[in-house]
Amino acid sequence: MINILLSDSWKKLLSSEINAPYFTDLLQFLAAEKKNHRIFPPEKEIFNAFNLTPLEKIKVVIIGQDPYHGIGQAHGLCFSVNDGIKFPPSLKNIFKELQNDLDIPIPISGNLTHWAEQGVFLLNNTLTVREKTPTSHQKKGWEEFTDAVIKLISEQKSGVVFLLWGSFAQSKENLIDTTKHHILKAAHPSPFSAHRGFLGCKHFSTTNKILIEQGKTPINF
């Protein structure tokens, strides 16, 4: 079986999901996959977003779709890659927008752990994938789990800034209480769509402005 390497605080909050029949089926699917294929991210990093960003620290949520499916890329944070790994195209555009918006130089590493540690919850919709096979772990149970996570954040927090990039992330808006949270929408940072409103969206400066207005520490992107 796959171990649920999730912090005690999140385990407690998500116990009804973890103990649900769909989640047992999901773990059985992953165990079978692991026997025959390489899956990403590595088991110890599947819940990295949760373990780096406890609920009480969440200020910003970014929703991705699938983990990267190449060797050494995915480490449990959406859009982020391990140190020393070439930037995927979407991440390249995220850094381009950061540079344009906040005058932040393009970093050497694409590892966004420092965002997560400051309260940016980097959640993929599907938390695992088979090597070189995008979307291979969709519709196996992860979506039900991550939808429950978004609902939980919406219910238990207030003033969170949700960055919904692309139509897929924007389809999650119905899970968020818009009367007490802030939603910023733009095109996806992928090269296929970034020029249609992601580049120039100024989401990073807008996010920090919202946080400062709430008396919160801005994110050092």
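Just above sits the structure.
Residues numbered from 1 in each chain as written. Predicted model: local features only at pLDDT ≥ 70, side-chain atom pairs only at ≥ 80, totals over all residues. Heavy atoms only, no water.

Trainee: Help me out: how do you make sense of the overall build of the chain in this one?
Mentor: On a plain count of helices and strands, the chain comes out with 9 helices and 6 strands. For 221 residues, the compact-globule estimate of 2.2 N^0.38 gives 17 Å, and the C-alpha radius of gyration of the chain, at 17 Å, lies within 12% of that figure. Referenced to the eigenvectors of the C-alpha coordinate spread, the extents of the chain come out at roughly 45 × 35 × 25 Å. Counting across all 221 residues of the chain, residues that qualify as buried make up 55%. For the chain, long-range pairs separated by at least 24 residues make up 66% of all intrachain contacts whose partners lie at least 6 apart in sequence. Accessible area for the chain stands at about 10,200 Å²; split by element, carbon and sulfur atoms hold 52% of it. Across the chain, the mean location of the 24 positive side-chain charges is 3 Å away from that of the 21 negative side-chain charges. (Helix = DSSP H or I, 4+ residues; strand = E, 2+ residues; numbered from the N terminus. Rg over C-alpha atoms; globule rule 2.2 N^0.38 Å. Buried < 20%, exposed > 50% of the residue type's maximum accessible area, 1.4 Å probe, protein only. Contact = heavy atoms within 4.5 Å. Areas by Shrake-Rupley, 256 points an atom, 1.4 Å probe, with all protein chains shown as cover. Lys, Arg positive; Asp, Glu negative; His and termini not counted. Charge placed at Lys NZ, Arg CZ, Asp CG, Glu CD.)

Trainee: Just to check I follow, could you spell out empty space enclosed by the protein for this structure?
Mentor: Vacant regions in the atomic arrangement are exposed by a probe of water-molecule size rolled over the atoms. Per the counting criterion, the structure on display carries 1 cavity of 30 Å³ or more. As a volume, the largest cavity reaches approximately 60 Å³. Together, Ile 46, Phe 47, Ala 49, Phe 50, Pro 67, Gly 76, Leu 122, Leu 123, Asn 124, Thr 126 and Leu 127 line the largest cavity. Residue assignment for the lining of the largest cavity shows that the elements contributing at least two residues are α4 (48-52) and β3 (120-124). Residue classes in the lining of the largest cavity are distributed as 8 nonpolar, 3 polar and no charged. (1 Å grid on protein atoms, 1.4 Å probe; cavity = no way out; pocket = protein on both sides within 12 Å on 5 of 7 lines; lining within 4 Å. Points joined across faces, edges and corners; volume = space filled by probe spheres on them. Nonpolar A, V, L, I, M, F, W, Y, C, P; charged D, E, K, R; others polar.)

Trainee: Would you take a moment to explain the environment of Leu 211 for this structure?
Mentor: If you trace the backbone, Leu 211 turns up in helix α9 (residues 203-213). When its relative accessible area of 0% is taken as the criterion, Leu 211 is described as buried. Distance in space between the C-alpha atoms of Leu 211 and Lys 185 is 17 Å, their sequence separation being 26 residues. Contacts of Leu 211, omitting those with residues within four sequence positions, involve Lys 59, Val 60, Val 161, Lys 216, Thr 217, Pro 218 and Ile 219.

Trainee: I keep staring at the packing of aromatic side chains and nothing clicks. Help me out?
Mentor: The relative placement of two aromatic rings is captured by the distance of their centres and the angle of their planes. Counted by the stated rule, this structure contains 18 aromatic pairs. With a centroid separation of 5.9 Å and 70 degrees between ring planes, the pair formed by Phe 47 and Trp 142 is classed as edge-to-face. In this pair, Phe 47 is assigned in the loop between β1 (39-40) and α4 and Trp 142 in helix α7 (residues 142-156), connecting sequence segments 95 residues apart. Take Trp 142: its relative accessible area is 0%, and that puts it in the buried class. Measuring from centroid to centroid gives 4.9 Å for Phe 204 and Phe 221, while their planes differ by 70 degrees, and the two rings are edge-to-face. With a gap of 17 residues between them, Phe 204 in helix α9 and Phe 221 in the segment after α9 connect regions that are remote in the sequence. Among the residues examined, Phe 221 registers a relative accessible area of 8% and is labelled buried. Ring-pair connections join several aromatic residues into one group, and the members of that group are Trp 10, Tyr 22, Phe 23, Phe 47, Phe 50, Phe 121, Trp 142 and Phe 145. (Phe/Tyr/Trp six-rings, centres within 6.5 Å; stacked < 30°, edge-to-face > 60°.)

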